[in-house]
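# Secondary and tertiary structure notes
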Amino acid sequence: SHTASDADLEHPLVPRSILRCLDLLEAPDFSFGAMASMLSNDARLASQLVQVASTSGTTRAPARSTEQAIARLGAEGVHTGLFEIALRPVIDAASPRLQSICKQPWPHALAVATLSQRLMQAHGASEHAVLDAYRSGLFHDCGKPIIVTLLIEIEKQMTHVKGRRFITDEMLVTCVDLTHASAGSRLGRAWGLTPEAATAIDDAARPKHDGFSLGAVIRLANALAFKG
């Protein structure tokens, strides 16, 4: 299920409008016409998908209409685009403390995704593996706002320290660095990433073996994105 969550960590949920589209993509009788028809009832989401099709992601070209965007993206491209639309508000969380430790989080996520995709292509990976690389790179930092939100909520509930910060920015950064990959991997699974793509998020932070792997690709792409 796209909205499943672990008992010990509350995840952001996929918006219902996007969830309906993701479910339609997985239906055995999926068609571009059915997707366009569904989106005709949601002008905002349709506009967002046209924008995504034109500006960012895996297979992009300017699109003038929802039908054109869907046709140019194809089923997997629409799937990725819907992930981007749902994920951006999560990663671009407005918390000032999150912004202080994550500079330009959404452009960075897109950069990691694109670099991961290109590295896998250069390695001669399959189309499926290249798709996983893009999506895994996109979700790579999604655990950060989850952990920051959780820690800030804990701090607020500690009534005996009201009026001052119990968790310093240094502690916040350390906690995020140590735990965000696990949270991101869980969110990826809950939202419907393949097990390989979700696992790679965790592997990128805590490599389990040397050599080529999707986790190693994500880790390299992340380093390159910071230098870019």
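Up top is the structure these notes are about.
A brief structural summary. This one's a predicted model, so the numbers in the text were calculated from it and none came from an experiment. Once a new chain begins, its residue numbering starts again from 1 and follows that chain's sequence as written. Only residues with pLDDT of at least 70 are given local features in this predicted model, and only at 80 or more are side-chain atom pairs given and counted; all residues enter the totals for whole chains, interfaces and linings. Side-chain measures here rest on the full set of heavy atoms in the structure, leaving out hydrogens and waters.

## Some words on the overall build of the protein
On a plain count of helices and strands, the protein comes out with eleven helices and zero strands. Burial here depends on accessible area, computed with a 1.4 Å probe over protein chains only, as a share of the maximum for the residue type. Under 20% is buried, over 50% is exposed, and the range in between is partly exposed. Every one of the 228 residues in the protein was classed for burial, and the buried ones make up 48%. In the protein, once contacts between residues fewer than 6 apart in sequence are set aside, the share between residues at least 24 apart is 64%. The helix and strand labels rest on DSSP assignments: H or I over at least four residues marks a helix, E over at least two residues marks a strand, and numbering proceeds from the N terminus. Whether two residues are in contact is decided by their heavy atoms, any of which lying within 4.5 Å being enough.

## Regarding helix H1 (residues 16–25)
Of all ten residues in H1, seven are buried; the element is thus mostly enclosed. Residues of H1 that are buried in the fold lie against helix H2 (32–39), helix H3 (43–55) and helix H4 (66–91).

## Concerning the packing of aromatic side chains
Two rings belonging to Phe, Tyr or Trp (six-membered ring only in the last case) form a pair when the distance between their centres is within 6.5 Å. Interplanar angles under 30 degrees mark stacking, angles over 60 mark edge-to-face geometry, and anything in between is tilted. One pass over the full model with this rule turns up three aromatic pairs. Between phenylalanine 83 and phenylalanine 139 the ring centres are 5.4 Å apart and the planes differ by 90°, which places this aromatic pair in the edge-to-face class. Within this pair, whereas phenylalanine 83 is found in helix H4, its partner phenylalanine 139 is found in helix H7 (residues 127–139), the two being separated by 56 residues in sequence. The residues phenylalanine 83 and phenylalanine 139 share a single accessibility class, namely buried. Between phenylalanine 139 and tryptophan 191, the aromatic rings sit 5.9 Å apart at their centres with planes inclined by 85°, giving edge-to-face as the arrangement. Of the two residues, phenylalanine 139 is situated in helix H7 and tryptophan 191 in helix H9 (residues 169–191); the sequence distance between them amounts to 52 residues. Take phenylalanine 139 and tryptophan 191: they sit in the same class, and that class is buried. Aromatic rings pair up to connect Phe83, Phe139 and Trp191 into one cluster.

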